[in-house]
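Notes for the structure review
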Amino acid sequence: MSTEEKPAAAPRSLAEALRGRDDAELAALLRSRPDLVTPVPADLTQLATRAGTRASVVRALDRLDRFTTQTAQALAVAADPAPYDELLGLLAGDEGDRVVAAALPGAVRTLREQALVWGADDRLRLVRTARELLSPSPQHPSPTGLGPTVREATAGMSPGRIQEIVTTAGLPSTHDPVSAVAALTGLFTDRERMAALLAEVPFESLDVLERLVWGPPYGQVTADPATRLRRLLDRGLLLPTAPGTVVLPREVALHLRGGRAHLAVEPVPPPVVAAATHPPRVVDATAAGQAYTASATVEELLKDWDEGGPAVLRSGGLSVRDLKRTAVALDVSEQVAAFWVELAYAAGLLASDGEADERYAATPAYDTWRERPAAERWTTLVTAWLTATRTPGLVGGRDAKDHTLSALGPGLDRSAAPEVRRRVLALLAGLPEGAAPDAGSVSERLRWERPPRATGGAAGSGSTGSGTGAGSGGGGGDDLRSRLTRWTLAEAEMLGVTGRGALSAHGRALLGMPTPKTQAQAQAERPDRAPESTGPGDRLPVHHRPAAGHPDFPATDSPAPPSPALTVLTPAEQAAASAAAARLLAPQLPEPLDHVLLQADLTAVAPGPLQRPLADMLGVLADVESKGGATVYRFTPGSVRRALDAGRAATDLHAFLAAHSRTPVPQPLAYLIDDVARRHGHLRVGAASAYVRCDDDAMLNEILADKRAAELGLRRLAPTVLAAQADPAGLLEGLRRMGFAPAAESAEGDVLITRADARRTPPRTAPEPVPEGPPVPDDTLLAAAIRAVRAGDLASTAPRKVKPGEADGTGAGAGSGELPRTGSAETLATMQAAVLTGETLWIGYVNAEGAASQRVIAPVRVEGGFVTAYDHTADEVRTYPLHRITGVAELANDES
């Protein structure tokens, strides 16, 4: 055998191409297409088969960027197999395009890595399923707008008609239709001869071709076509496909297009344009203010639902009326209210209580969340937002069954939401500090990175009888990812991840990205290094420089670096990033205050956030009148009574206000507290079903004489006792509406203290995000899967020794694919010999369920009717019963 290495043979199938990959390349494939590893394929042949299934190919195509998608579409209309130069011509055109030429190797590499394309550069093959999906057909037009080839369009045409077209086109007649079609194809693909042929066609006929050239390629004709159409039909420039329908052949369209498969090729992503630039300190301060407001809004929402929130609809979710009430309470729009409600739900702070009369309420996790520092409360909310698949922007829309989508209801999960959020923020992180992006440019960038699936491409047809119609393919409209992009930008601003549209420092840290250094900072760290040039090409950020091919693009420049890549952090990495974000945010948040300013009009002004005990007590003693930079509280008889019901005495309230006010306690407020306290508890309400007790019989007479008491069903039992038909709670509320200040009492006659205890659900976990397909496997799973696939492939492809009498290829040893069949004595002897020699064997094995498989093992010990061996297929030592082994064969030595 020659000592020189033999050149690797070109792969004949996708399985052979995968067999030539190393472990790192296989890991990259499984990471980019995680559906291929669930469950783990038995061998590389099964992996290749699974990679070619329709569902898997559709999923892979949907995750390609626009240029890589255009490359796959061009391969679908190229020859099979296609040389690299033909593919380049379809994308760059006859005149060439250096930007396309520079980007194409990366696109082909991506298609190869994802097993959508295989073969060497001289024989590029698109996997069959992808070609079927992307190739033009009348039912599924190609986004390229191209039609069938001459060979495909003339498949049902009579030989005589084909010869007529060949002769009219100026070609010599042939003896058979196959050679005639080949001659016509050669004419249409020859640029010089094609130009001469078109020069003979009148202008009005060429106008028809121009209408069809970029698609759709089909048109309608009458039974008696006009002269301008007849000239085209006679020369084969238009070919009939059905009665009344003609098509522009692919070769003719490519000539008219200058060899391009697409009207507009986009080899480089569109830049994210900055709409405005703000000082970073202003951005961080604005974002910090929004972050504090976000936490305060969620707290206000759940405090409003402390005693039981809205009822749960039978179909799940909030009713429209309850959402409106919540919006009014938060002083926001209904769409924004839906966002805050869904955010609290995603963070695990809100859930349904699970009772028979099911209602929403805060979870026990809410109490823990409230006691945490403000910065940590914010990171809890924003981390939940980053990973949540529930999409509040859909609230109020319609589902597939035309049902209204409600907040907290079903049907709001969109698995693409987390990826879009992270990608949008990553694009913002690629801008200079303080730069707020143009929302349209962000949407365009994401549409390039993940173009919407074509819903019909260049479908449609024109009427060539009155002028051929034309259209352009491609998706459009307001697709889900574009809406998710807009919602992400708005929600990030409400949460304080961005400030004035620009990514904040704590928002950047939340993504695990370092804050970029200014040139001054970099110079301070490297004083020995001269400042960088600030020439014309350096004054613009790299994302704003002209694209390659632009007149202002320097010819010697390297391509601008892309925006930060989308990385999904592990739970540990995300926890560290959240802690870093909290450290950056904490100094920006206002310090809680321990005082308020009491005013003579029975109000108190909190000039900033209040400490937790002060805020809680003030929330019981007064009602919030207005919110903003300063919160205004108003004291009313009802609010003071609420504090007294919670067990506070008048002296306690006076002392509390005096201790926490920077201004003297106004006399009207002191009088209000004393007046309510004097009347509080004068009436006592207990359970008879309910009764009223009072030492002042005149007051009871006054109650009985009041017409508003009729609904309570009162009657006198004694001079100081009234009985009621209403329950104690209803009686209390009724007397309070009449202007009295009753107090509830126990069966022993003691006053009941009704503290403002919050209603909580049983412990609930936050909702799990709905993943977009199988999760990406980690490195450990990938390594194990690749070992298993390699071992299975070894078992299925390893050459077997051919025994005498099997040279005709009829035995299992010849590699027929069947399990080996040997007698028990021969199996035992072969096993024992392999233990002594250390040889590797190929066995057939039937497990307890009756499933047969083939394995490659290295026997270690044979005893007691069992063989212990290292199983290359499973990559572990296993023990097999000998009676379940159908047969054994030795592996041939590799002499290559």
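Definitions and limits used
- Residues numbered from 1 in each chain as written.
- Predicted model: local features only at pLDDT ≥ 70, side-chain atom pairs only at ≥ 80, totals over all residues.
- Heavy atoms only, no water.
- Helix = DSSP H or I, 4+ residues; strand = E, 2+ residues; numbered from the N terminus.
- Buried < 20%, exposed > 50% of the residue type's maximum accessible area, 1.4 Å probe, protein only.
- Contact = heavy atoms within 4.5 Å.
- Areas by Shrake-Rupley, 256 points an atom, 1.4 Å probe, with all protein chains shown as cover.
- Pairing = 2+ DSSP bridges.
- Axes fitted to C-alpha atoms, helices over the stretch in contact; angles between N-to-C directions.
- Core = buried A, V, L, I, M, F, W, Y, C linked by side-chain atoms within 4.5 Å.
- Parallel < 35°, antiparallel > 145°, perpendicular 65-115°, else oblique.
- Nonpolar A, V, L, I, M, F, W, Y, C, P; charged D, E, K, R; others polar.
- pLDDT = per-residue confidence, 0-100.
- Arc of directions from axis to C-beta.
- Polar contact = N/O pair within 3.5 Å; in protein donor to acceptor, adjacent residues only side chain to side chain.
- Salt bridge = Lys/Arg side-chain N within 4 Å of Asp/Glu carboxyl O.

**A word on the overall build of the protein chain**
For the protein chain, the count of helices and strands is 34 helices and 26 strands. Relative to its full complement of 896 residues, the protein chain shows a buried share of 45%. At a minimum sequence separation of 6, the contacts of the protein chain that also span at least 24 residues come to 66%. Summed over all atoms, the accessible surface of the protein chain reaches about 43,600 Å², with 54% contributed by carbon and sulfur.

**Some details on the sheet that holds strand S15 (residues 623–626)**
Spatial strand order, S13-S14-S16-S15: 4 strands in an open sheet with antiparallel pairing. Single-partner strands in this sheet number two, and they are strand S13 (597–599) and S15. Within the sheet, the average angular offset between the axes of one strand and its neighbour, ignoring direction, is 30°. Where S15 meets strand S16 (residues 631–634), 3 bridges bridge the pair, whose relative direction is antiparallel. Bridging across to S16, Ser 626 finds its partner in Val 632.

**Digging into the sheet that holds strand S25 (residues 876–881)**
Strand order in the open sheet formed by 5 strands is S25-S24-S23-S22-S26, with antiparallel pairing between adjacent strands. The sheet is open, and its two borders are formed by S25 and strand S26 (885–890), each paired with just one other strand. When the angles between neighbouring strand axes are averaged without regard to direction, this sheet yields 45°. In the packing of helix H34 (residues 824–837) onto the sheet, contacts are made with strand S22 (841–846), strand S23 (852–863), strand S24 (866–871) and S26, and the angle to S23 comes to roughly 60°.

**Notes on the side chain of Thr 379**
With respect to the helices and strands, Thr 379 occurs in helix H20 (residues 374–387). The residues contacting Thr 379, other than those within four sequence positions of it, are Ser 578 and Ala 582.

**Brief notes about the nonpolar core**
Counting 88 residues, the largest nonpolar core has Phe 67, Phe 188, Leu 237 and Leu 238 as its most contacted members. Look past the residues within four positions of Leu 237 in its chain and what remains in contact with it is Phe 188, Met 194, Leu 197, Leu 198, Val 201, Leu 209, Leu 232, Val 247, Leu 248, Pro 249 and Val 252. With 71 residues, the next largest nonpolar core counts Tyr 366, Ala 384, Leu 510 and Ala 582 among its residues.

**Details of the pairing of strand S19 (residues 715–718)**
Relative to strand S20 (residues 721–724), S19 is paired through 3 bridges, and the arrangement is antiparallel. Opposite Arg 715, over in S20, you have Ala 723 as the bridge partner. Here S19 hands over to S20 after 2 residues, the two strands then running antiparallel side by side.

**Thoughts on the packing of helix H27 (residues 612–621) against helix H28 (residues 637–645)**
Taken N-terminus to C-terminus, the directions of H27 and H28 make an angle of 120°; their axes are 7 Å apart at the nearest point. The angle between H27 and H28 places the two elements in the oblique class. The segment H27 lies against H28, with Met 617, Gly 619, Val 620 and Leu 621 engaging Ser 639, Val 640, Arg 642 and Ala 643. Residue composition of the contact of H27 with H28, by class: 5 nonpolar, 2 polar and 1 charged.

**Points about the confidence of the model for the protein chain**
When the pLDDT values of the protein chain are averaged, the result is 82; 85% of them are 70 or greater. In the model, residues 1–6 has pLDDT below 50 throughout and makes 2 contacts with residues more than four positions away in sequence or in other chains. Confidence over residues 807–817 falls short of pLDDT 50; this stretch has 16 contacts with residues more than four positions distant or in other chains.

**So, helix H13 (residues 203–212)**
Buried within H13 are the following residues: Ser 205, Val 208, Leu 209 and Leu 212. Buried residues of H13, seen end-on, are gathered within an arc of 95° and therefore sit on one face of the element. Buried residues along H13 sit in contact with helix H12 (191–199), strand S3 (218–220), helix H14 (227–234) and helix H15 (250–256).

**A few points about the side chain of Ser 661**
Tracing the backbone shows Ser 661 in the loop between helix H29 (650–660) and helix H30 (667–679). Among the polar contacts made by the side chain of Ser 661, one reaches the main-chain carbonyl oxygen of Thr 663 at a distance of 2.5 Å. Residue contacts for Ser 661: discarding those within four places in its chain leaves Val 596 and Leu 598.

**Observations concerning unusual backbone geometry**
Omega for the bond connecting Thr 38 with Pro 39 falls within 30 degrees of zero, at -10°, which places this linkage in the cis form. Note that Pro 39 resides in the loop between helix H2 (23–32) and helix H3 (44–51). Pro 81 follows Asp 80 through a cis peptide bond whose omega is 0°. Within the secondary structure layout, Pro 81 lies in the loop between helix H5 (66–77) and helix H6 (84–92). A positive phi angle, close to 60°, is found at Asp 331, a residue other than glycine. Residue placement: Asp 331 occurs in the loop between helix H17 (320–330) and helix H18 (334–346). A relative accessible area of 67% means that Asp 331 is categorised as exposed. Unusually for a residue other than glycine, Leu 408 sits at a positive phi of about 65°. With respect to the secondary-structure elements, Leu 408 resides in the loop between H20 and helix H21 (417–429).

**Focus on the environment of Gly 89**
Within the element layout of this structure, Gly 89 appears in helix H6. Taking the relative accessible area as the measure of exposure, Gly 89 reaches 24% and is therefore partly exposed. C-alpha of Gly 89 to C-alpha of Ala 74: the two residues are 15 residues apart in sequence and 9.6 Å apart in space.

**Digging into the pattern of salt bridges**
Inspection of the entire model under this criterion finds 41 salt bridges. Between Arg 231 and Glu 204 there is a salt bridge; the shortest N-O distance is 3.8 Å. Of the two residues, Arg 231 sits in helix H14 while Glu 204 sits in helix H13, which places them 27 residues apart along the sequence. Salt-bridge contacts for Arg 390 lead to Glu 342; the nearest nitrogen and oxygen are separated by 2.6 Å. Separated by 48 residues along the polypeptide, Arg 390 in the loop between H20 and H21 and Glu 342 in helix H18 bring together distant segments of the chain. Given a relative accessible area of 3%, Glu 342 falls into the buried group. When salt bridges with common partners are traced through the structure, they connect Arg 63, Glu 419, Arg 450 and Arg 481 into a single cluster.

**Quick notes on H6**
Listing the buried residues of H6 in full gives Tyr 84, Leu 87, Leu 90, Leu 91 and Ala 92. Those residues of H6 that are buried are in contact with H5, helix H7 (98–113) and H15. Phi for Gly 93, located one or two positions after H6, is positive at around 80°.

**With respect to the packing of helix H10 (residues 159–168) against H14**
Helix packing geometry: the angle between the two helix axes and the distance between the axes. Relative to each other, H10 and H14 sit at 100°, their axes nearing to 8 Å. Between H10 and H14, the angle is such that the two are roughly perpendicular. Facing Arg 161, Glu 164, Ile 165 and Thr 168 of H10, the residues of H14 in contact are Arg 230, Leu 233 and Asp 234. Here the residues of the contact of H10 with H14 are counted per class, giving 2 nonpolar, 1 polar and 4 charged.

**Comments concerning the environment of Pro 592**
Mapped onto the secondary structure, Pro 592 falls in the loop between helix H26 (571–585) and S13. With residues up to four places along the chain from it excluded, the contact list for Pro 592 reads Pro 609, Leu 610 and Gln 611.

**Remarks on the environment of His 175**
Among the secondary structure elements, His 175 is positioned in the loop between H10 and helix H11 (177–189). Separated by 16 residues in sequence, His 175 and Pro 159 have C-alpha atoms that sit 9.6 Å apart.

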